[in-house]
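# Working through the structure, step by step
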Amino acid sequence: MDIEKTAKALKELGHVTRLAIYMRLVKAGYKGLAVGTLQEELEIPGSTLSHHLSGLASAGLIKQRREGRVLYCVAQYEQLDAVLCFLRDECCIDEKLQTDDGDPTELKQG
């Protein structure tokens, strides 16, 4: 994952309503939830919900599928993992972890 995609995902998750929507979809699992159910549970007007879902979809955080007349939203866990891994992989990258015997697993005490 590159920095632009990560920034887009974090931007979308940085809004309270979108984060609430995403958290609800994450809890729902791989089957997802109907848009109507999201609207009812989170008490969000339809046009507002549509706007927020569009942002989450454009960041790759959710996908939508239609079954007959019902539109379902499903969290894309791989995208969430990619965002988290991007941040985690950069953690402490500049530190040089060396012990007296050259073992990189322990921080050298000084």
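Please refer to the structure higher up on the page.
First, a word on what this report is: a plain description of the structure on this page. The shown structure was predicted, so the numbers you read here are calculated from the model rather than taken from an experiment. (Residues numbered from 1 in each chain as written. Predicted model: local features only at pLDDT ≥ 70, side-chain atom pairs only at ≥ 80, totals over all residues. Heavy atoms only, no water.)

### Some details on the overall build of the protein chain
Per the secondary structure count, the protein chain includes five helices and three strands. Sequence-ordered secondary structure for the protein chain, helices as α and strands as β, is α-α-β-α-α-β-β-α. In the protein chain, which comprises 110 residues, the proportion classed as buried is 28%. Of the roughly 7500 Å² of accessible surface on the protein chain, a fraction of 54% belongs to carbon and sulfur atoms. (Helix = DSSP H or I, 4+ residues; strand = E, 2+ residues; numbered from the N terminus. Buried < 20%, exposed > 50% of the residue type's maximum accessible area, 1.4 Å probe, protein only. Areas by Shrake-Rupley, 256 points an atom, 1.4 Å probe, with all protein chains shown as cover.)

### Details of the sheet that holds strand β2 (residues 62–67)
On the basis of which strands lie adjacent, the open sheet formed by three strands has the order β1-β3-β2 and antiparallel pairing. Sheet topology places β1 (33–34) and β2 at the edges, where each strand pairs with a single neighbour. Sheet topology note: the β2/strand β3 (residues 70–75) ladder contains six bridges and is antiparallel. Paired with I62 across the two strands is A75, which belongs to β3. Across the face of the sheet, helix α2 (residues 16–28) comes into contact with β1, β2 and β3 while running at roughly 90° to β3. (Pairing = 2+ DSSP bridges. Contact = heavy atoms within 4.5 Å. Axes fitted to C-alpha atoms, helices over the stretch in contact; angles between N-to-C directions.)

### Quick look at the packing of aromatic side chains
For the coordinates displayed, the defined rule picks out one aromatic pair. Here R65 stacks its cationic end above the ring of Y72, 4.7 Å away from the centre of that ring. (Phe/Tyr/Trp six-rings, centres within 6.5 Å; stacked < 30°, edge-to-face > 60°. Lys NZ or Arg CZ within 6 Å of the ring centre and 35° of its normal.)

### Concerning a negative patch on the surface
A cluster of acidic side chains, namely D89, E90, D94 and E95, defines a negative patch on the protein surface. For D94, a relative accessible area of 72% translates into the label exposed. (Patch = residues over 30% accessible without salt bridge, like charges linked within 9 Å, V, L, I, M, F, W, Y side chains within 5 Å. Salt bridge = Lys/Arg side-chain N within 4 Å of Asp/Glu carboxyl O. Lys, Arg positive; Asp, Glu negative; His and termini not counted. Charge placed at Lys NZ, Arg CZ, Asp CG, Glu CD.)

### Some remarks on the nonpolar core
Core analysis: the largest hydrophobic core is formed by 19 residues, its most contacted members being I21, L25, L38 and L53. Aside from chain neighbours lying at most four places away, what touches L38 is I21, R24, L25, L33, E43, L49, L53 and C73. (Core = buried A, V, L, I, M, F, W, Y, C linked by side-chain atoms within 4.5 Å.)

### Focus on the pattern of salt bridges
Evaluated as defined, the whole model comprises five salt bridges. A salt bridge links R18 to E12, with the shortest nitrogen-to-oxygen separation between them at 2.9 Å. Comparing R18 with E12 shows no difference in burial state: the two are buried. Of the charged contacts in the structure, one is a salt bridge between R24 and E41, with a shortest N-O distance of 2.5 Å. Taken together, the residues R24 in helix α2 and E41 in helix α3 (residues 35–42) connect sequence positions 17 residues apart. Classification of R24 as partly exposed rests on a relative accessible area of 23%. Beyond isolated ion pairs, a larger network of salt bridges with shared partners links K8, K11, E12 and R18.

### Points about unusual backbone geometry
Positive phi outside glycine occurs at E43, with the angle close to 55°. Tracing the chain through its elements places E43 in the loop between α3 and α4 (46–58).

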